[in-house]
Amino acid sequence: MKTKKHFLALADGEVFYGDSCGASADSFGEAVFNTGMTGYQEIATDPSYFGQIVALTTPEVGNYGVNHEDNESDGIHLGGMIFRKINQPSNYRSEGSFDAFLKSAGKPALTGVDIRRLVLHLRKAGTQKAYLHCTEDDFSENEAIQKAQNWSGLDGIDSVSEVSCRFFHPYPGSITDAPKVVVFDYGVKFSILRSLTAAGINVEILPAAAKARDALARKPNGILFSNGPGDPVGVKYAIETAHELIGSVPLMGICLGHQILALAAGAETERLAFGHHGCNHPVKCLINGSVAITSQNHNFAVRLETLPKTLELSHVNLNDGTVEGIRHRTEPVFSVQFHPEAAPGPHDAKSLFQQFRQMF
């Protein structure tokens, strides 16, 4: 493998070799792994992966190609991708290959990588700052390791501003005479917007930096704080806005939006060792005792011991006991760390959108 000149270099000195696919480019990012067996296009276009280099544990990708209907945003925001094997497509829905899709977006990837060794290393060592080398430049492993070590990383910075929309806009296809929900776009997935619409909701979208008064001026029946990338502490303006909105109208948070609501209520967050990325995470609802298999994508979590008396733990991760959901004891506010819209993943928790609608 060392005869190959393309590689992923981690800040702790480990190097993983492979063949370049996608764009001929180098990139920085946090190396993480996703355990989903399908959904590579949805993963690539999920804005929550901004600044990350994602290794897919499924043995092969690309089999069913890509198509515009499966995109979760208007672009690819991650730093790069790592595969064991990438194939040419063979599916009636395919509009092109995944390789060409990455190339057109200027995103590098490696194929032929020993994914098992990479995942086992990350599972033990935790999320690593990394440098992905996929150009034809003569570049040494030691130089790449040094670059990874010197990269500032994502902690404490505002990643949301890189993926949020810039202006207010209604979601196309919404039912205009239905109850209205204003969505703060921290990197919202299209599937969340589709799920809200399917629940009979009129959806309008605000940029992440919008103020509480901007949301309330739309006279919404409810407000949703969306998923998004990075460290929630880095988006203080969003936390301040959420704090102002608690007690005004029903609120729902998903993933980063869940963390922002928790911080706004007085809780704290922390970085997980290697995050949760995949479609098979079991979550127990403490309200009714049910268990759902969920889709997740986050590197930070709410610290249980910091929950204020105003918040109640509603969901817990059955793998590691981390906080997966909270609800306010006196106000119509709830949030979940997992993705009820899935895409990719199971739809066990999709009823949460109807639960939100019933709060209006």
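Coordinates for the structure precede this section.
About the cut-offs
- Residues numbered from 1 in each chain as written.
- Predicted model: local features only at pLDDT ≥ 70, side-chain atom pairs only at ≥ 80, totals over all residues.
- Heavy atoms only, no water.
- Helix = DSSP H or I, 4+ residues; strand = E, 2+ residues; numbered from the N terminus.
- Rg over C-alpha atoms; globule rule 2.2 N^0.38 Å.
- Buried < 20%, exposed > 50% of the residue type's maximum accessible area, 1.4 Å probe, protein only.
- Contact = heavy atoms within 4.5 Å.
- Areas by Shrake-Rupley, 256 points an atom, 1.4 Å probe, with all protein chains shown as cover.
- Lys, Arg positive; Asp, Glu negative; His and termini not counted.
- Charge placed at Lys NZ, Arg CZ, Asp CG, Glu CD.
- Phe/Tyr/Trp six-rings, centres within 6.5 Å; stacked < 30°, edge-to-face > 60°.
- Pairing = 2+ DSSP bridges.
- Axes fitted to C-alpha atoms, helices over the stretch in contact; angles between N-to-C directions.
- Salt bridge = Lys/Arg side-chain N within 4 Å of Asp/Glu carboxyl O.
- Arc of directions from axis to C-beta.

Participant: Can you tell me about the overall build of the chain, naming the residues and giving the values?
Facilitator: Across its full length, the chain carries 9 helices and 17 strands. By the compact-globule yardstick of 21 Å for 360 residues, the chain fits well, its C-alpha radius of gyration being 20 Å. By its C-alpha atoms, the chain is 60 × 45 × 35 Å across when sized along the principal axes. When each of the 360 residues of the chain is scored for burial, the buried share is 59%. The contacts in the chain between residues at least 6 apart in sequence include a share of 75% that link residues at least 24 apart. Summed over all atoms, the accessible surface of the chain reaches about 14,600 Å², with 50% contributed by carbon and sulfur. Within the chain, one finds 31 positive and 39 negative side-chain charges whose respective centroids are separated by 3 Å.

Participant: Go over the packing of aromatic side chains with me, naming the residues and quoting the values.
Facilitator: Summed over the entire model, instances satisfying the criterion amount to 14 aromatic pairs. With centroids separated by 5.8 Å and ring planes inclined at 55°, the aromatic side chains of F83 and F98 adopt a geometry described as tilted. Of this pair, F83 sits in the loop between β5 (80-82) and α2 (98-104) while F98 is found in helix α2, placing the two residues 15 residues apart along the sequence. Per residue, the accessibility class of F83 equals that of F98, and both read buried. Here a set of aromatic residues connected by ring pairs shows up, and it is made of Y40, Y64, F83, F98 and F101.

Participant: Quick one: what's the story with the sheet that holds strand β11 (residues 222-225), residue by residue and with numbers?
Facilitator: Picture the strands of a sheet paired through backbone hydrogen bonds; they go either parallel or antiparallel. Taken together, the 10 strands give an open sheet; going across it, the order is β8-β10-β9-β11-β12-β17-β16-β15-β13-β14, and neighbouring strands pair in mixed fashion. Edge positions in the sheet fall to β8 (169-170) and β14 (291-302), since each has one partner strand and no second. Alignment of strand β16 (residues 323-328) against strand β17 (residues 333-336), held across 3 bridges, turns out to be antiparallel. Note on β17: the bridge partner recorded for I326 is S335.

Participant: Outline the sheet that holds strand β7 (residues 128-133), listing residues and values.
Facilitator: An order of β1-β2-β6-β5-β4-β3-β7 is seen for the 7 strands of this closed barrel, with the pairing classed as mixed. In this sheet, adjacent strand axes meet at a mean angle of 35° when their direction is disregarded. Where strand β2 (residues 15-22) lies against strand β6 (residues 108-111), 4 bridges are found, and the strand directions are antiparallel. Looking across to β6, one finds that G22 is bridged to P108. Packing of helix α3 (residues 115-125) onto the sheet brings it into contact with β1 (6-10), β2, β3 (26-34), β4 (52-56), β5 and β7, and relative to β3 it is tilted by some 85°. Helix α4 (residues 141-150) contacts β1, β2, β3 and β7 of the sheet and is inclined by roughly 40° relative to β1.

Participant: So what's going on with helix α8 (residues 256-264)? Which residues, and what values?
Facilitator: Burial analysis of α8 places 9 of its 9 residues in the buried class, the great majority of the element. Within two residues after α8, G266 carries a phi angle of roughly 110°, on the positive side.

Participant: I'd love a proper account of the pattern of salt bridges, names of residues and values included.
Facilitator: Two side chains carrying opposite charge are able to pair once their charged atoms lie near each other. For the structure on display, the rule yields 13 salt bridges. Its salt-bridge partner being E204, residue K180 comes within 3.7 Å of it at the nearest N-O pair. On the criterion of sequence distance, the pair formed by K180 in strand β9 (residues 180-185) and E204 in strand β10 (residues 202-207) is long-range, its members being 24 residues apart. Given the relative accessible area of 8%, E204 is considered buried. Put simply, E312 and R327 hold a salt bridge, and the shortest N to O gap is 2.9 Å. Note that E312 is positioned in strand β15 (residues 311-317) and R327 in strand β16, a separation of 15 residues in sequence. Residue classification places E312 among the partly exposed residues on the basis of a relative accessible area of 22%. When its relative accessible area of 33% is taken as the criterion, R327 is described as partly exposed. It is possible to trace a salt-bridge network through shared partners that takes in E30, D155 and R271.

Participant: So, helix α7 (residues 236-245): which residues are in play, and what are the values?
Facilitator: Restricting attention to buried positions, one finds in α7 the residues A238, I239, T241, A242 and L245. Axial view of α7: buried residues confined to an arc of 165°, hence all on one face. The exposed residues of α7 that point more than 90 degrees off its buried face are K236, E240, H243 and E244. Just past α7, the residue G247 takes up positive phi, approximately 100°.

Participant: Can you break down unusual backbone geometry residue by residue, with the values?
Facilitator: The linkage connecting A343 with the following residue, P344, adopts the cis geometry, with an omega of 5°. On the secondary structure map, P344 appears in the loop between β17 and α9 (352-357). Even without being glycine, C255 reaches a positive phi, approximately 60°. Assignment of secondary structure puts C255 in the loop between β12 (251-254) and α8. A residue is classified by how much of its surface remains accessible, and C255, at 1% relative accessible area, is buried. Its identity is not glycine, yet A342 carries a phi of approximately 60°, on the positive side. Along the polypeptide, A342 turns up in the loop between β17 and α9.

It is worth stressing that arrangement in space is one thing and function is another; only the former is reported here.
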